[in-house]
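Structure at a glance
The residues making up each chain are set out below.
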Amino acid sequence: MPAPPALLDPTDARPDARRRLALWLTLQHHIAWRPQAARRELEVHGDPARALDALSCRTVDRSRLEADRLALARCRARGVVWGSPFYPERLARLSDAPPLLWVRGDPAWLGRPAVAVVGARAATETGRARARHLACDLAATGLVVVSGLARGIDAEAHRGALAAGGASVAFLGCGPDRVYPSGHARLAHDLCARGAVVSELPPGTPPLRHHFPLRNRLISALCRAVLVVEARERSGSLVTARHALDQGCDVMVVPGSVEAPQHAGSNRLLRDGARVALDANDVLRVYDLEIRRVASRRPPSEPADPSARRALRALREQPCTPDELARRLGLGPRELAAALLVLELERRVVTERDGRLRAVAPARLSSPVP
């Protein structure tokens, strides 16, 4: 029985490499929605060609396979097949483990200790800030922060991990050659540089609604703990939490007001037995890690980012709303958002109840201890 290739490289022009790629792509096209059947046949035969015969799969048109190969080469995705050294052990335990994962970035991150941070797309500003700060602290300990690249909590979790100099992994509900939402193309690019973007679906697959619950089982399976920051009554994050419970993962929740609809689903998880997470330490105890506060690691008196420095100086003079601050500094929406992200991650600004931003003394940074 031949050993599976370590990685499928769509740019490899050797005939045997092209043949292997075509076989695995054909298998994926036929059984992306039936991974249990593919795993069963691969366990028996260990070879995609024999698995295809056993599943009575038809040949995929050569032009389609070539288009797939070119799309994978353009987005620099490589294939991690079931049974290869790069296939993550935690995903391999699933009865419906994907036979093939397309990975943009470094697949080695899939084997590192990881924590999922998920929540509502229509998150509050407080929820987004909490996700950023929590992910920043968690990534500072060396944990890989995993989420789904969606708007709201997911995106802020990725950004917080990267801002800490850590790594983050995103699972897609579409093909590897697509980014959804399209506005997160830059974020996906940054994740590929310090982490990975992963899909179990063939190239060209659109982001349809029923793809995301499938994606969510992989987010939870890769991690020992799933942290829900905000979730409404019917949030997709609850699907991730249910997968986590079925998979034996810890589910943790940032509690919120019982009167706020954006916390209805996450608070229900607490009622049903999920653990409370007030800060990163509550999550890190699952991993036998702890965060302590170290005075010697206080941030410098001024941020390194020039726009963040200007914004902080303006807020020290007078609190104001983001729109007022943008007008005072002559900054565009994207530049202002980047500056405020730096200030929020360093706990240099807070948002008052009336929506105004106010400068505060810099908080101490987190330092991990084993």
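Above this text you will find the structure in question.
For the structure given in this document, a descriptive report is provided here. (Residues numbered from 1 in each chain as written. Predicted model: local features only at pLDDT ≥ 70, side-chain atom pairs only at ≥ 80, totals over all residues. Heavy atoms only, no water.)

**A short note on the overall build of the chain**
Along the chain, the regular secondary structure elements total 15 helices and 13 strands. Here the chain has a C-alpha radius of gyration of 22 Å; the compact-globule value for 370 residues is 21 Å, and the two agree. The burial tally for the chain puts 53% of its 370 residues in the buried class. Taking contacts inside the chain between residues at least 6 apart in sequence as the whole, the part at least 24 apart equals 73%. Carbon and sulfur atoms make up 49% of the accessible area of the chain, which totals about 17,100 Å². (Helix = DSSP H or I, 4+ residues; strand = E, 2+ residues; numbered from the N terminus. Rg over C-alpha atoms; globule rule 2.2 N^0.38 Å. Buried < 20%, exposed > 50% of the residue type's maximum accessible area, 1.4 Å probe, protein only. Contact = heavy atoms within 4.5 Å. Areas by Shrake-Rupley, 256 points an atom, 1.4 Å probe, with all protein chains shown as cover.)

**Thoughts on the pairing of strand β8 (residues 250-253)**
Bridging between strand β7 (residues 225-228) and β8 involves four bridges; their strand directions are parallel. Of the residues in β8, the one forming a bridge with A225 is D250. Each parallel crossover has a hand, and for β7 linked through helix α10 (residues 236-246) to β8 it is right-handed. In this sheet, strand β9 (residues 275-276) lies alongside β8 in parallel orientation, the contact comprising two bridges. For M252, the partnering residue across the bridge sits in β9 and is R275. A crossover links β8 with its parallel partner β9, the connecting element being helix α11 (residues 264-271), and its sense is right-handed. (Pairing = 2+ DSSP bridges. Right-handed = clockwise from strand over helix to strand, strands pointing away.)

**Here's the deal with the nonpolar core**
By size, the foremost hydrophobic cluster in this structure holds 60 residues, and its most contacted members are L27, L91, W102, V146, V169, F171 and V198. Ranked by the residues each element gives to this core, the list is headed by helix α1 (residues 15-31), at six residues. Apart from the residues lying within four places of it in its own chain, the contact partners of L91 are A97, L101, F171, L218, A221 and L222. Counting residues in hydrophobic clusters, the runner-up holds 24 residues, among them V115, A161, V229 and Y287. (Core = buried A, V, L, I, M, F, W, Y, C linked by side-chain atoms within 4.5 Å.)

**A few points about helix α2 (residues 35-45)**
In an α-helix there are 3.6 residues to a turn, and that puts residues three or four apart on one side. Considered for burial, the residues of α2 that qualify are P35, A37, A38, R39, E41 and L42. G46 sits one or two positions beyond α2 and adopts a positive phi of about 70 degrees.

**Focus on unusual backbone geometry**
Looking along the chain, the bond that leaves Y180 and enters P181 is cis, with omega of -5 degrees. Here P181 shows up in the loop between β5 (168-171) and α8 (185-193). One non-glycine residue, R76, lies in the positive phi region at around 60 degrees. Along the polypeptide, R76 turns up in the loop between α4 (62-75) and β1 (77-81).

**Here's the deal with the packing of aromatic side chains**
Each aromatic ring pair is specified by the distance between its two centres and by the angle formed by the two planes. Scanning the model with the defined rule gives one aromatic pair in all. Relative to F212, the ring of Y180 has its centre 5.9 Å away and its plane inclined at 45 degrees; by these criteria the two rings are tilted. One end of the pair, Y180, is in the loop between β5 and α8; the other, F212, is in helix α9 (residues 211-221), and 32 residues separate them in sequence. The cationic tip of R121 hangs over the ring face of F212; the distance from NZ or CZ to the ring centre is 5.6 Å. Across from the ring centre of Y287, 5.0 Å away, lies the NZ or CZ of R224, which sits over that ring. (Phe/Tyr/Trp six-rings, centres within 6.5 Å; stacked < 30°, edge-to-face > 60°. Lys NZ or Arg CZ within 6 Å of the ring centre and 35° of its normal.)

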